[in-house]
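Structural overview for review
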Amino acid sequence: MRAMVLDAPGRALRLASLERPIAGPGELLLRVRACGVCRTDLHLVDGELPEPKLPVIPGHEIVAEVVAHGAGVGSPPIGARVGVPWLGATCGHCRWCASGQENLCLEARFTGYQHDGGYAEFTVADARYCFALPAKYGDLEAAPLLCAGLIGYRAYRYAGDARRLGIYGFGAAAHLIAQVAIAQGRRVLAFTRPGDHEGQAFARALGAAWAGNSDEASPEPLDAALIFAPVGTLVPAALRAVERGGTVVCAGIHMSDVPAFPYRLLWHERCVRSVANLTRRDAQEFLALAAELPLAVHSRGYRLGEANRALADLRGGLIAGAAVLTMER
Ligand SMILES: [Zn+2]
Ligand SMILES: [Zn+2]
């Protein structure tokens, strides 16, 4: 099979010809149809995530069809379309797993990081962590639901019942979650990198009430803010924008250092929190929501061999929505 392989952080991915993997006990062998390119993949390539499996095949927004069952697996049936997210496995018995917080499991394993992911024609995944996908989304549209959607949704849940929601960084996750928020009657304000007029126009086209530069003051107070950009200076900026009692949610796996800020920005029960990974419950809830809502998923397709270009475009902020690899030659 063809695969894009990261040999070491800081290097470009290498197009390799590898043996097809074999489904072990509890696993599915999957033929990959599409795989989203996530900002986390950039952090992996840049060496910002500790101790990756190396070499590793990145990719954790996998749309695939079931080709074979490993021992002990009876479903989903051969030929079924499934999605494989970032959460690849958990221990199932630690205090976090036992209390509905499997996203925090110390032994959690992550797709395209600690085991091989979807930048390849085939992959294997634990059947218990694969999900049916709403049929109305094509492969290119379904892929971004699996991380941008799921982790974006987890972040969004922590915004509580915020009516005025600020979104900092308007990429793949933001473009989906803004639509969910607006469909649920909330007012969305989008903050992009300064001067990104295309990103601001994109946010407005999706229904944002306001879009502007992240270094501008918010035109109105916010009840909550979601930060999708990996930029620590946005934390005090968002705290300045939220009302007393408001929450700032940091949704990324990596962020540049958060600068010191005066305590008065946190005073009045403002709260800053991170969101880590996802639980299977997040996946079930979000995918059910996606099946109901008419989400307009903006994906730009790249061939598998163009993965480095897709990553460069993501880094450069050139993608409105999500980049997705396809397996066409
Ligand atoms: Zn656990
Ligand atoms: Zn991701």
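What comes next concerns the included structure. As the structure is a computational prediction, the values presented were derived from the model and not from experiment.

1. With respect to the overall build of the chain
Within the chain, the secondary structure is distributed over eight helices and 17 strands. In terms of C-alpha radius of gyration, the chain reaches 19 Å, essentially the compact-globule figure of 20 Å for 329 residues. Here the contacts in the chain between residues at least 6 apart in sequence split such that 70% fall between residues at least 24 apart. With the model as given, the accessible surface of the chain reaches about 13800 Å², and the carbon-plus-sulfur share is 51%. Averaging the coordinates of the 33 positive side-chain charges in the chain and doing the same for the 32 negative ones gives two points 2 Å apart.

2. Examining the coordination of the zinc ion (ligand 1)
For the zinc ion (ligand 1), the full set of protein donor atoms is Cys-91 (SG), Cys-94 (SG), Cys-97 (SG) and Cys-105 (SG), at a range of 2.3 to 2.4 Å. Each of the four donor atoms around the zinc ion (ligand 1) contributes to a set of angles spanning 105 to 117°, which defines the coordination as tetrahedral. For the zinc ion (ligand 1), the donor residues sit on a single chain with the sequence spacing C-x2-C-x2-C-x7-C. Each member of the pair, Cys-91 as well as Cys-97, carries the same accessibility label: buried.

3. Section: the coordination of the zinc ion (ligand 2)
In the first shell of the zinc ion (ligand 2), the protein supplies Cys-38 (SG), His-60 (NE2) and Cys-147 (SG), at 2.0 to 2.2 Å from the metal. In the primary structure, the donors to the zinc ion (ligand 2) are separated according to the pattern C-x21-H-x86-C. Of this pair, His-60 sits in the loop between α1 (39–45) and β4 (62–69) while Cys-147 sits in the loop between α2 (139–142) and α3 (148–157), placing them 87 residues apart in sequence. Residue His-60 shares its accessibility class with Cys-147, and that shared class is buried.

4. Notes on the packing of α3 against helix α7 (residues 280–292)
Here α3 crosses α7 at 100°, and the two axes come no closer than 9 Å. Overall, the two elements α3 and α7 adopt an arrangement that is roughly perpendicular. Taking contact as the criterion, the partners of Gly-149, Leu-150, Tyr-153, Arg-154 and Arg-157 in α3 are, on α7, Arg-281, Asp-282, Ala-283, Glu-285, Phe-286 and Leu-289. When its residues are assigned to classes, the contact of α3 with α7 shows five nonpolar, one polar and five charged.

5. Here's the deal with the packing of aromatic side chains
As enumerated under the stated definition, the model contains seven aromatic pairs in all. Arranged with centres 4.9 Å apart and planes meeting at 15°, the rings of Trp-86 and Phe-110 form a pair that is stacked. Here the residue Trp-86 occupies a position in the loop between β5 (81–84) and β6 (87–89), and Phe-110 occupies one in strand β7 (residues 109–110), the gap between them amounting to 24 residues. When its relative accessible area of 9% is taken as the criterion, Phe-110 is described as buried. Geometrically, the ring pair formed by Trp-86 and Tyr-113 is stacked, given 5.7 Å between the ring centres and 5° between the ring planes. Here Trp-86 is found in the loop between β5 and β6, whereas its partner Tyr-113 is found in the loop between β7 and β8 (122–126), with 27 residues between them in sequence.

6. Description of the nonpolar core
Formed by 106 residues in total, the largest nonpolar core has its most connected members in Tyr-119, Leu-145, Phe-170, Leu-226, Phe-228, Phe-286 and Leu-295. In this structure, Tyr-168, Ala-229, Leu-239 and Val-248 belong to the second largest nonpolar core, which totals 17 residues.

7. Concerning the pattern of salt bridges
Should their charged atoms come close, side chains of opposite charge can pair. Under the criterion given, the structure shown has 20 salt bridges. In this structure, Asp-46 and Arg-315 form a salt bridge, with 2.9 Å as the shortest nitrogen-oxygen distance. With a gap of 269 residues between them, Asp-46 in the loop between α1 and β4 and Arg-315 in helix α8 (residues 307–315) connect regions that are remote in the sequence. Of the charged contacts in the structure, one is a salt bridge between Asp-313 and Arg-300, with a shortest N-O distance of 3.5 Å. Here the residue Asp-313 occupies a position in helix α8, and Arg-300 occupies one in strand β16 (residues 299–303), the gap between them amounting to 13 residues. We classify Asp-313 as buried; its relative accessible area is 11%. Exposure remark for Arg-300: the relative accessible area of 35% places this residue in the partly exposed category. Salt bridges here are not isolated pairs; linked through shared partners, they connect Arg-154, Arg-157, Arg-281, Asp-282 and Glu-285.

Conventions adopted
Residues numbered from 1 in each chain as written. Chains lettered and ligands numbered in written order. Predicted model: local features only at pLDDT ≥ 70, side-chain atom pairs only at ≥ 80, totals over all residues. Heavy atoms only, no water. Helix = DSSP H or I, 4+ residues; strand = E, 2+ residues; numbered from the N terminus. Rg over C-alpha atoms; globule rule 2.2 N^0.38 Å. Contact = heavy atoms within 4.5 Å. Areas by Shrake-Rupley, 256 points an atom, 1.4 Å probe, with all protein chains shown as cover. Lys, Arg positive; Asp, Glu negative; His and termini not counted. Charge placed at Lys NZ, Arg CZ, Asp CG, Glu CD. Donors = N, O, S within 2.8 Å, 3.2 Å for Na, K, Ca; no water. Tetrahedral: all angles 85-135°; square planar, octahedral: opposite > 155°, others 65-115°. Buried < 20%, exposed > 50% of the residue type's maximum accessible area, 1.4 Å probe, protein only. Axes fitted to C-alpha atoms, helices over the stretch in contact; angles between N-to-C directions. Parallel < 35°, antiparallel > 145°, perpendicular 65-115°, else oblique. Nonpolar A, V, L, I, M, F, W, Y, C, P; charged D, E, K, R; others polar. Phe/Tyr/Trp six-rings, centres within 6.5 Å; stacked < 30°, edge-to-face > 60°. Core = buried A, V, L, I, M, F, W, Y, C linked by side-chain atoms within 4.5 Å. Salt bridge = Lys/Arg side-chain N within 4 Å of Asp/Glu carboxyl O.

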